[in-house]
Amino acid sequence: MLDLKLIRDDPEAVRASQRARQEDPGLVDEVLAADERRRAAIVTFERARAEQKELGRQVAQAQGDEKAALLARTKALSAEVKAADADQAEAGAAFAAAMGRLSNVTEPGVPAGGEEDYTVLEHVGQPREFDFTALDHLELGQRLGAIDTERGAKVSGARFYYLTGVGAQLQLAMLNLAMSQALAAGFVPVVPPVLVKPDAMEGTGFLAQAAENVYHLPEEDLYLVGTSEVPLAAFHMDEVLDAGSLPLRYAGWSTCFRKEAGSYGKDTRGILRVHQFDKIEMFSYVDPADAAAEHLRLLAWEKEMLAKVELPYRVIDVAAGDLGGSAARKYDCEAWVPTQGRYRELTSTSNCTTFQARRLRIRLRDGEGTRPLATLNGTLATTRWIVAILENHQQADGSVVVPAALRPYLGGQEVLKPVTT
RNA sequence: GGAGGCGUCGCCUAGUCCGGUCUAUGGCGCCGCACUGCUAAUGCGGUUUGGGGCUUCAACCCCAUCGGGAGUUCAAAUCUCCCCGCCUCCGCCA
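Computed from a prediction, not measured in an experiment: that's the story for all the values here.

**Student:** Looking at this model, I keep getting lost on the sheet that holds strand S12 (residues 329-337). Mind explaining?
**Tutor:** In any sheet, the strands associate via hydrogen bonds between backbone groups, in a parallel or an antiparallel arrangement. As summarised here, the arrangement of the 8 strands in space is S1-S11-S12-S13-S16-S10-S9-S4, forming an open sheet in which the pairing is mixed. One side of each edge strand has no neighbouring strand; the edge strands of this open sheet are strand S1 (119-124) and strand S4 (188-190). In this sheet, neighbouring strand axes are inclined to one another by 25° on average, regardless of whether the strands run parallel or antiparallel. Across 3 bridges, the pairing between strand S13 (residues 342-351) and strand S16 (residues 374-382) is antiparallel. Residue pairing across strands places Ser350 opposite Asn377, the latter belonging to S16. The sheet contacts of helix H10 (residues 291-308) involve S1, strand S9 (248-257), strand S10 (276-286), strand S11 (313-317), S12, S13 and S16, and relative to S16 the element is tilted by about 5°. Each of S12, S13 and S16 touches helix H12 (residues 385-392); the most contacted strand, S12, lies at about 35° to it.

**Student:** Explanation requested: the sheet that holds strand S8 (residues 240-242) in the structure shown.
**Tutor:** Sheet architecture is open: 3 strands sit in the order S8-S14-S15, paired in mixed fashion. Sheet topology places S8 and strand S15 (369-372) at the edges, where each strand pairs with a single neighbour. Strand-to-strand twist in this sheet, taken as the mean axis angle between neighbours without regard to direction, amounts to 35°. Across 4 bridges, strand S14 (residues 363-366) lies against S15 in antiparallel orientation.

**Student:** I'm lost on the layout of surface pockets in this one. Help?
**Tutor:** Empty space within the second largest pocket amounts to approximately 220 Å³. By residue class, the composition of the lining of the second largest pocket is 3 nonpolar, 2 polar and 5 charged.

**Student:** Please clarify how the packing of helix H5 (residues 137-144) against H12 should be interpreted in this entry.
**Tutor:** At a closest axis distance of 9 Å, the pairing of H5 and H12 adopts a crossing angle of 80°. Relative to H12, H5 is oriented roughly perpendicular. Between H5 and H12, the contacting residues are His137, Leu140, Gly141 and Leu144 on the first element and Val387, Leu390 and Glu391 on the second. For the contact of H5 with H12, the per-class residue count stands at 4 nonpolar, 2 polar and 1 charged.

**Student:** Would you mind going over unusual backbone geometry with me for this structure?
**Tutor:** Negative phi characterises most residues that are not glycine, and trans characterises most peptide bonds. Residue Pro247 follows Leu246 across a cis peptide bond; omega there is -5°. Considering the arrangement of structural elements, one finds Pro247 in the loop between S8 and S9. Even without being glycine, Glu260 reaches a positive phi, approximately 55°. By the element assignment, Glu260 lies in the loop between S9 and S10. Among the residues examined, Glu260 registers a relative accessible area of 12% and is labelled buried. Phi is positive for Thr353, close to 40°, though the residue is something other than glycine. Structurally, Thr353 can be placed in the loop between S13 and helix H11 (355-360). Judged by relative accessible area, which is 22%, Thr353 ranks as partly exposed.

Reading the values: the criteria
Residues numbered from 1 in each chain as written. Chains lettered and ligands numbered in written order. Predicted model: local features only at pLDDT ≥ 70, side-chain atom pairs only at ≥ 80, totals over all residues. Heavy atoms only, no water. Pairing = 2+ DSSP bridges. Helix = DSSP H or I, 4+ residues; strand = E, 2+ residues; numbered from the N terminus. Axes fitted to C-alpha atoms, helices over the stretch in contact; angles between N-to-C directions. Contact = heavy atoms within 4.5 Å. 1 Å grid on protein atoms, 1.4 Å probe; cavity = no way out; pocket = protein on both sides within 12 Å on 5 of 7 lines; lining within 4 Å. Points joined across faces, edges and corners; volume = space filled by probe spheres on them. Nonpolar A, V, L, I, M, F, W, Y, C, P; charged D, E, K, R; others polar. Parallel < 35°, antiparallel > 145°, perpendicular 65-115°, else oblique. Buried < 20%, exposed > 50% of the residue type's maximum accessible area, 1.4 Å probe, protein only.

So this is what it looks like as structure tokens:
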């Protein structure tokens, strides 16, 4: 949710942001009109209500005929108050609905346009030259006895898989490495719930743009989270945090669930795009003035992790139209996937400024009073990284060299060897 | 799944039976002022959150807010219903 004051004071800035996102700039004027209607309804209601209360005080003290006369008046007034209240509630709901559809204002410098309009900020490392025919991650994973998509499909359907043997070990090693790094950086490790109530899912903004990708359990009215960003953001929902306690940094370890609706036929091979995966997610609560700097810190931690697994990658500044509605800016790190001949997203860090905190009613308290704080999130490792690790570190015999940083978490193994030929 | 108890503006708490100056009591904590070599103690005042009016700001005024929602009523912390959470006991269970 945006700051209403900003929309009133500088509606053109919000319209410009909407245009850059390829969303409707007219929504701004809809919000302003709805706000006026709402405020007028509030005034009408409050005036009637104040009169009702005043008369109520008189009724309490009056006796006999005087009381009967007052009651005649207050009865009529009661109906008036009820109608005004309903009108106010309706105007308020319409306003909230319009506000809810407005996306966050993008940060200056964010490239305008859609998915293909990103800016490449830098390349780190060189894609490797192979003097043999590189195998893709699934082929490698099967030879290593690490990935079993056939049984995944048998038991759970398409886009499900088993990680077995060194595959399971590799994932645990990578996530543990990520968690160790987060811990060293001062993050509070968290294992959160992955089923959340509508309030949490809605507050984090995932029932708006990403609703079609969210699993829902209708019987309990609970949602399966697509990222631990949801329970980490909702952790402090409805709270006022002391300014002195910021920044608060959490590292969540969770399984993530995504329906992947609308991606039929895309990335169907292997474990690049799946319904269920595991992830270490960083989440920060900071003073709004510190948000942009924190965003760069999250990016730096992601790069530190990518360096540890020795992958070539590039960093992109995601275009406005490809941002989530809550994000003001997003940086993705994309690793080179040799058999695809292109870069694929491994991490994503978003600065949600005060947008998400407003929806979740999370504020900070300092000497000045209370005001919304800023929230940010970023990926530290996910199951998908296995794709890039296997492919980039494969050898001609189908074995895979383990990056040095991972070895301590893999019982010292230096090379993962095929179990079949 | 069943039975019972509980939920009050940071924390604790009065009020709920029997609806009406509840404009929610008191204590603790915190902030300010006074007194004071300093500290402590004492005294006085302030201290939920959100919204609206008026506005340069502040002050001021108003409305809502007693776990959440709906209802009854001229009037709800108080009465009724539904939901949520916590505690105790029973049942069941990986």
